[in-house]
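# Observations on the three-dimensional arrangement
Letter by letter, the chains look like this.
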Amino acid sequence: MLKGLLFDLDGVLTDSAKYHLQAWGELAKKLNITLPESANDELRGRSRLDSLNVILKFGNQQYYSEQQKKEFMDTKNRIYLHLIRAMTPQDILPGITDLLADAQGAGLRMAIASASRNAPIILNQLGIADLFAGVVDPATLIHGKPDPEIYERAQQLLHLRATEVTAFEDAVVGVQAIKGAGQFAVGIGNKHVLRQADYVVPTTGDLRLSDIIANFDSRNN
Ligand code: BG6
Ligand code: MG
């Protein structure tokens, strides 16, 4: 029986993925690196350091020291924090407010499994922080997505089993992490890209709790 929902944040609850991409784009420009069109899908869901390494690989500049990489990440984060400062509840993606309300009404427990260290700031700005019983602190993780660690941790925060939760992702590495944790994966985006997900909707506006429960029940029975 479905008892809990685990949510990625960027690209699922709000469109902050576009700000991550913009901030990385500005850093890449400073380094004379041109990001390919595939950058958006490749960076989605990856930790700060993993994202930087992907960008440096695009530019064949994998020779920087730890200290230089830290400075690059700090620069990107300053740009990102500037971009997200004006976010409000208006920035919650379509369908999400209803989904969260329906889940709360159905007594489902909810947690956040975002790789972003900025997740608590954004949840506060969106005005939805109180809805979640747990938020995984990515600073405490050994491995980033696609490793299942973050989803296993989120499930533990809710004291639930893998077979009792559904998790929501817009990133390929995120769906891989959910499946690695043995959980039911709802993908939001292109079904050919997110083909490992158990159930895929094109946009958050297509999410309905009743459809998700029906699909979850048919997979788990
Ligand atoms: C993920 C985003 O949620 O968080 C990635 O999809 C981002 O794009 C990662 O790199 C880490 O975020 P932050 O805010 O800690 O740099
Ligand atoms: Mg995401």
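Let me begin by describing the structure that accompanies this report. (Residues numbered from 1 in each chain as written. Chains lettered and ligands numbered in written order. Predicted model: local features only at pLDDT ≥ 70, side-chain atom pairs only at ≥ 80, totals over all residues. Heavy atoms only, no water.)

### Structural notes on the layout of surface pockets
Any space left empty among the atoms is revealed by the rolling of a water-sized probe across them. Convention followed: Points on a 1 Å grid over protein atoms alone make up a cavity when a 1.4 Å probe fits among them but cannot get out, and a pocket when they form an open set with protein on both sides within 12 Å along at least five of seven lines; lining residues each have an atom within 4 Å of a point. Grid points are joined across faces, edges and corners, and a volume is the space filled by probe spheres set on the points. Helix numbering and strand numbering both begin at the N terminus, where a helix is a DSSP run of H or I of at least 4 residues and a strand a DSSP run of E of at least 2. All amino acids are sorted into three groups, where Ala, Val, Leu, Ile, Met, Phe, Trp, Tyr, Cys and Pro are nonpolar, Asp, Glu, Lys and Arg are charged, and the leftover types, Gly among them, are polar.
The computed volume of the largest pocket comes to approximately 650 Å³. For the lining of the largest pocket, the secondary-structure elements that each account for two or more residues are α1 (17-30), α2 (39-43), α3 (48-58) and α4 (66-84). Partitioning the lining of the largest pocket into residue classes produces 11 nonpolar, 10 polar and 12 charged. Approximately 250 Å³ is the volume attributed to the second largest pocket. If you go around the second largest pocket, you meet 19 residues; those closest to its centre are G11, R44, D170, I188 and G189. When grouped by side-chain class, the residues that make up the lining of the second largest pocket number 9 nonpolar, 6 polar and 4 charged.

### A look at the pattern of salt bridges
Close approach of charged atoms allows side chains with opposite charge to pair. For clarity, the threshold we go by: By definition, a salt bridge exists where a carboxyl oxygen of Asp or Glu is found within 4 Å of a side-chain nitrogen of Lys or Arg. Working definition: with a 1.4 Å probe on protein chains only, accessible area under 20% of the residue-type maximum means buried, over 50% means exposed, and in between means partly exposed.
All told, the structure shown has 11 salt bridges when counted by the stated rule. Across the pair K179 and D198 runs a salt bridge whose closest N-O atoms are separated by 2.8 Å. Of this pair, K179 sits in helix α8 (residues 172-180) while D198 is found in the loop between β5 (184-188) and β6 (199-201), placing the two residues 19 residues apart along the sequence. By relative accessible area, K179 is classed as partly exposed at 29%. With relative accessibility at 15%, the residue D198 sits in the buried group.

### Digging into the sheet that holds strand β4 (residues 165-169)
Paired through their backbone hydrogen bonds, the strands of a sheet run either parallel or antiparallel. Note the following rule: For two strands to be treated as a pair, DSSP must find no fewer than two bridges joining them.
With parallel pairing, 6 strands are arranged side by side in an open sheet as β3-β2-β1-β4-β5-β6. Single-partner strands in this sheet number two, and they are β3 (134-135) and β6. Bridge count between β4 and β5: 4 bridges; the pairing is parallel. By the bridge assignment, T166 is partnered in β5 with F184.

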